[in-house]
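Structural features, examined
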Amino acid sequence: MTINFDKQNGLVPVVVQDSVTQKVLMLGYMNQEAYEKTVQEKIITFFSRSKNRLWTKGETSGHFLHVNEIKIDCDQDTILIRATPDGPTCHTGADTCFNEENKQKGLFLNHLQSIIRQRKGTSPEESYTAKLFSRGINKIAQKVGEEAVEIVIEAKDDNLDLFKNEAADLLFHFLVLLEAKNVDLDEVVDVLQQRHAAKK
């Protein structure tokens, strides 16, 4: 879609969202030059209305916003950018310009799922995940079973660090199994939500 920079005197609002946590980090404005620079460099550059010039976020602080995805709204006059921040986004030192903590770690599972999806079909020599996929569904399912047994064993002991590591292994291999079955994590969450709603 083409962005309509003519609607608002050459500027369009840009909502910046953390790719992993989905938190809104800030709102800025871009003209066409700032947008093209952002697309080319994969680092967000705004047009500063107060400085009347292009302004790359992080040019002073070093807290750049790295572009992961760009979306245009239905009216073609607002931009949504999903990005990875190098540090706090706000000039005050806060995580976001809305003074929110940028921590929703549960959503990292969705991010990890997308990485696992990218590894599917790549060369087994490139990553452990790709090697798992190359071994087929039976081996992947077997690995999930092994990790499940290991977490049960660790649950009976008092070493929380080992238990958490086994829990992480189980979650990771479960996500690989979901991808091998072409099932999105959100579909599993849908089932949980439906069960929850049915019990109300």
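Residues numbered from 1 in each chain as written. Predicted model: local features only at pLDDT ≥ 70, side-chain atom pairs only at ≥ 80, totals over all residues. Heavy atoms only, no water.

As annotated in an unreviewed UniProt entry, the chain carries the name Histidine biosynthesis bifunctional protein HisIE and is attributed to Xanthocytophaga agilis. Recorded in UniProt under Subcellular location (unreviewed entry), the annotation for the chain is "Cytoplasm". (UniProt positions renumbered as here; feature names shortened; annotations may be inferred.)

1. With respect to the pairing of strand 4 (residues 53-56)
As paired elements, strand 3 (residues 45-48) and strand 4 share 4 bridges and run antiparallel to each other. Directly across from phenylalanine 46, in strand 4, lies its bridge partner tryptophan 55. (Pairing = 2+ DSSP bridges. Helix = DSSP H or I, 4+ residues; strand = E, 2+ residues; numbered from the N terminus.)

2. Focus on the nonpolar core
Judged by nonpolar contacts, the single largest core of 17 residues is most densely connected at Val16, Met30, Ile44, Ile79 and Ile81. Elements that contribute at least two residues to this core include exactly strand 1 (12-18), strand 2 (24-30), strand 5 (65-72) and strand 6 (79-85). Formed by 12 residues, the second largest nonpolar core is a distinct cluster that contains Ile116, Ile140, Leu175 and Leu185. (Core = buried A, V, L, I, M, F, W, Y, C linked by side-chain atoms within 4.5 Å. Buried < 20%, exposed > 50% of the residue type's maximum accessible area, 1.4 Å probe, protein only.)

3. Description of the packing of helix 2 (residues 108-119) against helix 5 (residues 160-180)
As a packed pair, helix 2 and helix 5 sit with axes 10 Å apart at the nearest point and diverge in direction by 55°. In terms of axis orientation, helix 2 runs oblique to helix 5. For the crossing formed where helix 2 meets helix 5, the hand is right-handed. Along its contact with helix 2, which presents Leu109, Leu112, Ile116 and Arg117, the element helix 5 presents Leu171, Phe172, Leu175, Val176 and Glu179. Class assignment for the residues of the contact of helix 2 with helix 5 results in 7 nonpolar, no polar and 2 charged. (Axes fitted to C-alpha atoms, helices over the stretch in contact; angles between N-to-C directions. Parallel < 35°, antiparallel > 145°, perpendicular 65-115°, else oblique. Left-handed = near helix turned anticlockwise from the far one by under 90°. Contact = heavy atoms within 4.5 Å. Nonpolar A, V, L, I, M, F, W, Y, C, P; charged D, E, K, R; others polar.)

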